[in-house]
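Residue-level structure breakdown
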Amino acid sequence: MQVEFEYGDGHLTAELPDDTVVVRPETATHEPDPLPDPVAATREALAAPLGSEPVSELVGPGSTVTIAFPDRVKGGTQATAHRKVVLPALLEQLDKAGVRRENVRLVCAIGLHRKNRREEFVDYLGRAVVDAVPEANLVNHDAEDPNGILDLGTSELGDPVGMNTALAESDLSILVGHTAGNPYGGFSGGYKMPSTGLTTWRSIASHHAPRSLYRDDFVPASTTSRFREQLTAIGQRMEAAMPRPFFSVDAVLDSRSRQLGVYAGSIPEVERASWPLATARTDLRIPGPRADVLVIGVPRNFHYGAGMGSNPILMMQAIGASVVRAKNALVEKPVVIAASVCDGWFNDLEFPPYAAAYELLQECQHPADMRERQEQLATDPEWIYRYRHHYGYHPFHAFSMIYMGGIAREHSAAVYVAGARRPGLARGMGARTTATVEEALAEATAILGRAPRVLAVPRLSSPAFHLTATEE
């Protein structure tokens, strides 16, 4: 069969065996139906929260409130996207409770991602929300702001915890999140939201690191991993320093970022209520036995931003994340083939430290060896300045991506990058290179000594599934 894969700015067609299992969002008929009226469902969730009183009963005249929301990386921008629905509803409740708009702060929980420009806020929050609070009250979290971070020592598990001071200073802190499939800890939302979005690089480095990512319980994606336990412990340490625990409003999203369910209240109760539905959406059973070969298509621009599929570090991160998602549908040591332009465009404007991190990686025998070098780049004044003032990713982000990319090597017999325009960069990430997918598939057949069973995921730009072979 011929299968069209995302490849750079366009597509690439590859000839695959006729019995290849191809996973596309539009062919995943197992997804629950989206909510017919997400606005009404959101209001119902806010009116009867789980494990908490309604927002209107938690605050009053004179109260200060922080509302944190995810950045543009996920969640959709349609008129009924979760952020565009829940934020006006929350502001309405705060108005009724007598909270003044100047006492409401909207914080984009970017963690170590690049900061968002005001016009980007308008795109995925809506003009009405952006204009609803004073301009100075709509801000990006800044993990390097010396006056904006509160040092809380360590979590119950011994991990460093620093958090945005607005959370400690506000009478109520509300999290607007998405319960969506994620290779890091199973799902976004819940305690993952504050523990990665509203903290510091040292805190994130405690779990986005080999000691957590390379454990047996991290692959396949799971909510019961040590990684997830670390997120919970960090989030609970934050709550201990706040006037009251987080009030969470999470939506379970489908592959088109539409709401399947909306849940509000305390984080533990919201996680408990939302994860079963999110599992039904996220987990996809693949007919037959486990596949020997995984073939993916890597576009130039997705998830983290422009250049993700051409930047060799982010390319390999996408491959590692794909292995985490698909591991239950793959043999113990599969061959992974990624169609990627890998042309060396690092996008230095948005990912300023990545080229330097790549060069450091070339001095290492294994991705985990980068831990000895992360302090050097993660504290470099130039890269910190670019993160704080020029819309660049934080320097530690490159290390966390390198560590996830290492999973591809740890859990496969071989990783091939097909169609790389600068194949040396792919080899520098530990991959083998071929001109075409077909050539890589022929080499995989030689490695296996037989015709392989192939699993193909042509589009990584769409919300992904976690795959399991039905014969498991």
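Before reading on, note that the structure itself is shown above.
Residues numbered from 1 in each chain as written. Predicted model: local features only at pLDDT ≥ 70, side-chain atom pairs only at ≥ 80, totals over all residues. Heavy atoms only, no water.

Observations regarding the pairing of strand 12 (residues 247-253)
Of all the 7 residues making up strand 12, 7 are buried; the element is thus mostly covered by neighbouring parts of the structure. Alignment of strand 12 against strand 13 (residues 259-265), held across 6 bridges, turns out to be antiparallel. The residue bridging Leu 253 from the neighbouring strand is Gln 259, located in strand 13. (Buried < 20%, exposed > 50% of the residue type's maximum accessible area, 1.4 Å probe, protein only. Helix = DSSP H or I, 4+ residues; strand = E, 2+ residues; numbered from the N terminus. Pairing = 2+ DSSP bridges.)

Observations concerning the packing of aromatic side chains
Within the structure shown, the criterion is met by 13 aromatic pairs. Centroid distance Phe 69 to Phe 121: 5.8 Å. Interplanar angle 80 degrees. Geometry classified as edge-to-face. Within this pair, whereas Phe 69 is found in strand 4 (residues 65-69), its partner Phe 121 is found in helix 4 (residues 118-125), the two being separated by 52 residues in sequence. With respect to class, Phe 69 is no different from Phe 121; both count as buried. A centroid spacing of 5.6 Å and a plane angle of 35 degrees characterise the contact between Trp 201 and Phe 396, whose relative ring orientation is tilted. With Trp 201 in helix 8 (residues 201-205) and Phe 396 in helix 16 (residues 395-410), this pair connects stretches of sequence that are 195 residues apart. Both residues of the pair, Trp 201 and Phe 396, belong to the buried class. Every member of this aromatic cluster is reached through a ring pair, and the members are Tyr 304, Phe 351, Tyr 354 and Tyr 393. The residue whose ring lies beneath Arg 117 is Tyr 391, and the NZ or CZ to ring-centre distance is 4.0 Å. (Phe/Tyr/Trp six-rings, centres within 6.5 Å; stacked < 30°, edge-to-face > 60°. Lys NZ or Arg CZ within 6 Å of the ring centre and 35° of its normal.)

Observations regarding the pairing of strand 14 (residues 283-286)
Remember that side chains alternate between the two faces of the sheet whenever the strand is regular. Here strand 14 shows a clear split, with Leu 284 and Ile 286 buried on one side and none of Asp 283 and Arg 285 buried on the other. Direction of pairing for strand 14 relative to strand 20 (residues 466-469): parallel, over a ladder of 4 bridges. Considered in strand 20, the bridge of Leu 284 is made with Leu 467.

Some remarks on the layout of surface pockets
In this structure, the second largest pocket encloses a volume near 210 Å³. What lines the second largest pocket is a set of 14 residues, among which Ala 221, Ser 222, Thr 223, Asp 283 and His 466 lie closest to the centre. Among the elements of the structure, strand 11 (186-187), helix 12 (312-326) and strand 20 are those that each provide at least two residues to the lining of the second largest pocket. Counting residues per element, the lining of the second largest pocket draws most heavily on strand 20, which supplies 3 residues. Among the residues forming the lining of the second largest pocket, the class breakdown is 5 nonpolar, 7 polar and 2 charged. (1 Å grid on protein atoms, 1.4 Å probe; cavity = no way out; pocket = protein on both sides within 12 Å on 5 of 7 lines; lining within 4 Å. Points joined across faces, edges and corners; volume = space filled by probe spheres on them. Nonpolar A, V, L, I, M, F, W, Y, C, P; charged D, E, K, R; others polar.)

A few points about the state of the cysteines
Per the counting criterion, the structure on display carries 0 disulfides. As a non-bridged cysteine, Cys 364 has Cys 342 as the owner of its nearest cysteine sulfur, 18 Å distant. For Cys 364, a relative accessible area of 14% puts it in the buried group. (Disulfide = S-S within 2.5 Å.)

Description of the pattern of salt bridges
Applying the stated criterion to the full structure yields 28 salt bridges. Here Arg 300 ties to Asp 9 by a salt bridge, and the two come within 3.2 Å at their closest N and O atoms. Of this pair, Arg 300 sits in the loop between strand 15 (291-299) and helix 12 while Asp 9 sits in the loop between strand 1 (2-8) and strand 2 (10-15), and the two are 291 residues apart along the sequence. Taking the relative accessible area as the measure of exposure, Arg 300 reaches 9% and is therefore buried. Given the relative accessible area of 63%, Asp 9 is considered exposed. One salt bridge connects Glu 120 with Arg 72, and the closest N-O pair in it is separated by 4.0 Å. Here Arg 72 lies in the loop between strand 4 and helix 3 (82-96) and Glu 120 lies in helix 4, a separation of 48 residues in the sequence. Each of Arg 72, Arg 114, Glu 120 and Glu 350 takes part in one network of salt bridges that share partners. (Salt bridge = Lys/Arg side-chain N within 4 Å of Asp/Glu carboxyl O.)

Quick word on the sheet that holds strand 9 (residues 172-179)
Within the open sheet, the 6 strands sit side by side as 6-5-4-9-12-13. Their pairing is mixed. Since the sheet does not close on itself, it has two edges, and those belong to strand 6 (138-140) and strand 13, each with one partner. Neighbour to neighbour, the strand axes of the sheet diverge by 20 degrees on average, direction disregarded. In the packing of helix 4 onto the sheet, contacts are made with strand 4, strand 5 (104-108) and strand 6, and the angle to strand 6 comes to roughly 110 degrees. (Axes fitted to C-alpha atoms, helices over the stretch in contact; angles between N-to-C directions. Contact = heavy atoms within 4.5 Å.)

Brief notes about the side chain of Ser 340
Residue placement: Ser 340 occurs in the loop between strand 16 (330-339) and helix 13 (354-361). Given a relative accessible area of 0%, Ser 340 falls into the buried group. With residues up to four places along the chain from it excluded, the contact list for Ser 340 reads Tyr 7, Val 298, Gly 309, Met 315, Val 417, Ala 418, Gly 419 and Ala 420.

Quick notes on helix 16
With 16 residues, helix 16 should reach 22 Å at 1.5 Å per residue; the first-to-last C-alpha distance of 24 Å fits that figure. Among the 16 residues in helix 16, 14 count as buried, and that is most of the element. (Expected span 1.5 Å × (residues − 1).)

Quick notes on the side chain of Lys 192
Mapped onto the elements of the fold, Lys 192 is located in helix 7 (residues 192-197). If we ignore the near neighbours within four places in the chain, the residues touching Lys 192 are Asn 182, Tyr 184, Phe 187, Gly 197, Arg 228 and Leu 231.

A closer look at the packing of helix 12 against helix 16
Contact pair helix 12 / helix 16: the axes reach a minimum separation of 7 Å and the direction vectors enclose 50 degrees. Our classification of the angle between helix 12 and helix 16 gives oblique. Considering only the axes of helix 12 and helix 16, their crossing is left-handed. Of the residues in helix 16, those touching helix 12 at Ile 313, Leu 314, Met 316, Gln 317, Ile 319, Gly 320, Ala 321, Val 323 and Val 324 are Ala 398, Met 401, Ile 402, Met 404, Gly 405, Ile 407 and Ala 408. In terms of residue class, the contact of helix 12 with helix 16 is made up of 13 nonpolar, 3 polar and no charged. (Parallel < 35°, antiparallel > 145°, perpendicular 65-115°, else oblique. Left-handed = near helix turned anticlockwise from the far one by under 90°.)

Focus: unusual backbone geometry
The residue after Val 219, namely Pro 220, is reached through a cis peptide bond having omega 0 degrees. With phi around 40 degrees, His 303 is a residue other than glycine that occupies positive phi space. Counting through the fold element by element, His 303 comes out in the loop between strand 15 and helix 12. Residue class for His 303 comes out partly exposed when judged on its relative accessible area of 34%. Although it is not a glycine, Cys 342 sits at a positive phi angle of roughly 35 degrees. Within the secondary structure, Cys 342 sits in the loop between strand 16 and helix 13.

Interpretation in functional terms is not warranted from these geometric data alone.
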